[in-house]
Amino acid sequence: MIVKRYTDIKVIWFLFIVVAVFSIITMYLGTIHRFTYASKYENYVQTDGRVFNIQEYEHEDSEDNSYWTYSAEIGYAANGKEYTKVTADIFSEDDVPDVGEKVTILYYHDNPDECVVAKYDWMSRTMIPQEDDGDVWLFVSLLLIGFTLIVLAMAIENDRTRELYLGCGLTLMGIDGIVMGIIMRNFAAFFLVIFGAVGVFVLYRYFHAGSRTDV
């Protein structure tokens, strides 16, 4: 018996419903919404731009730790004319381009001033705006689904079933950290592998105990 029900069952079910709703919302933003978002730029023209200048912005998080974002001045050609765009601070330390580097631009043919810096989206297999947070929402969604299974485990009376839900929830959180950490190139997410390791251990106990029972 790994998890006992220390909290009132109504509180557990309320927590389950809240987390489940947020899981659905974030899953929508991480999957369906990104396809809808990508379709808005299907008729935009793709071209190469070149970075002329980078502007750095310092921020502080809730713990007063500094982090930086970056905007870029980018030049590109469209319809036989030269254009310049200064982006918002859409780049992080992980993806900020160098001065002189080429970047992908999507612009509206009838109004080339209307443009976005683009990146390739592995899910929709199209170019989408650089600032899209679909991968972050998907990461959060899978994390919440794992947490939902853990909360649900707290509401289950049967020890074996509770162990199964707990193991699945923790394992999903670990897999989420590894896979989405690689996709987002944010290896800080790898800390979730600790939860995954615990989840694998719990599932091993569950199936190992089941095999002994069958014998």
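Up top is the structure.
Residues numbered from 1 in each chain as written. Predicted model: local features only at pLDDT ≥ 70, side-chain atom pairs only at ≥ 80, totals over all residues. Heavy atoms only, no water.

(A) How the structure looks around the pairing of strand 3 (residues 81-86). The pairing of strand 2 (residues 66-78) with strand 3 spans six bridges and is antiparallel. Bridge pairing links glutamate 73 to valine 86 in strand 3. Here strand 2 folds back onto strand 3 in antiparallel fashion, the turn holding two residues, of which asparagine 79 has a positive phi close to 55 degrees. (Pairing = 2+ DSSP bridges. Helix = DSSP H or I, 4+ residues; strand = E, 2+ residues; numbered from the N terminus.)

(B) Representation of helix 4 (residues 159-184). Between its first and last C-alpha atoms helix 4 spans 37 Å; for 26 residues at 1.5 Å apiece the expected length is 38 Å, and the two agree. Regarding helix 4, its N-cap is asparagine 158, as a side-chain oxygen of that residue lies 3.0 Å from the backbone nitrogen of arginine 160 further along. Downstream of helix 4 by one or two residues, arginine 185 has phi in the positive range, about 55 degrees. (Expected span 1.5 Å × (residues − 1). Polar contact = N/O pair within 3.5 Å; in protein donor to acceptor, adjacent residues only side chain to side chain.)

(C) Here's a closer look at a nonpolar patch on the surface. Together, Ile175, Ile178, Val179, Ile182, Phe187, Phe191, Val193, Ile194, Phe195 and Val198 make up a nonpolar patch on the protein surface, roughly 910 Å² of accessible area in all. Going through the elements one at a time, helix 4 and helix 5 (193-214) are the ones with two or more residues in the nonpolar patch. Its place among the elements puts valine 179 in helix 4. (Patch = residues over 30% accessible without salt bridge, like charges linked within 9 Å, V, L, I, M, F, W, Y side chains within 5 Å. Areas by Shrake-Rupley, 256 points an atom, 1.4 Å probe, with all protein chains shown as cover. Salt bridge = Lys/Arg side-chain N within 4 Å of Asp/Glu carboxyl O.)

(D) Here's a closer look at unusual backbone geometry. For asparagine 79, which is not glycine, the phi dihedral falls at a positive 55 degrees. Summarising the element assignment, asparagine 79 is placed in the loop between strand 2 and strand 3. Positive phi, close to 55 degrees, is recorded for arginine 125, a residue that is not glycine. Note that arginine 125 resides in the loop between strand 5 (111-121) and strand 6 (126-129).

(E) Main features of the layout of surface pockets. Estimates place the volume of the largest pocket at around 990 Å³. Residue lining of the largest pocket: 33 residues in total, with Ser92, Asp95, Lys119, Gln130 and Met184 positioned closest to the centre. Going through the elements one at a time, strand 4 (102-108), strand 5, helix 3 (134-154) and helix 4 are the ones with two or more residues in the lining of the largest pocket. When residues of the lining of the largest pocket are assigned to their parent elements, the largest contribution, five residues, is made by strand 5. Of the residues contributing to the lining of the largest pocket, the split by class is 15 nonpolar, five polar and 13 charged. (1 Å grid on protein atoms, 1.4 Å probe; cavity = no way out; pocket = protein on both sides within 12 Å on 5 of 7 lines; lining within 4 Å. Points joined across faces, edges and corners; volume = space filled by probe spheres on them. Nonpolar A, V, L, I, M, F, W, Y, C, P; charged D, E, K, R; others polar.)

(F) Fine view of the sheet that holds strand 1 (residues 45-60). The antiparallel open sheet is built from six strands, whose spatial order is 3-2-1-4-5-6. Edge positions in the sheet fall to strand 3 and strand 6, since each has one partner strand and no second. Across this sheet, the average inter-strand angle for adjacent strands is 45 degrees, counted without regard to direction. Looking at chain direction, strand 5 and strand 6 are connected through four bridges and run antiparallel. Opposite lysine 119, over in strand 6, you have isoleucine 128 as the bridge partner. (Axes fitted to C-alpha atoms, helices over the stretch in contact; angles between N-to-C directions.)

What is shown is where atoms sit, not what they do.
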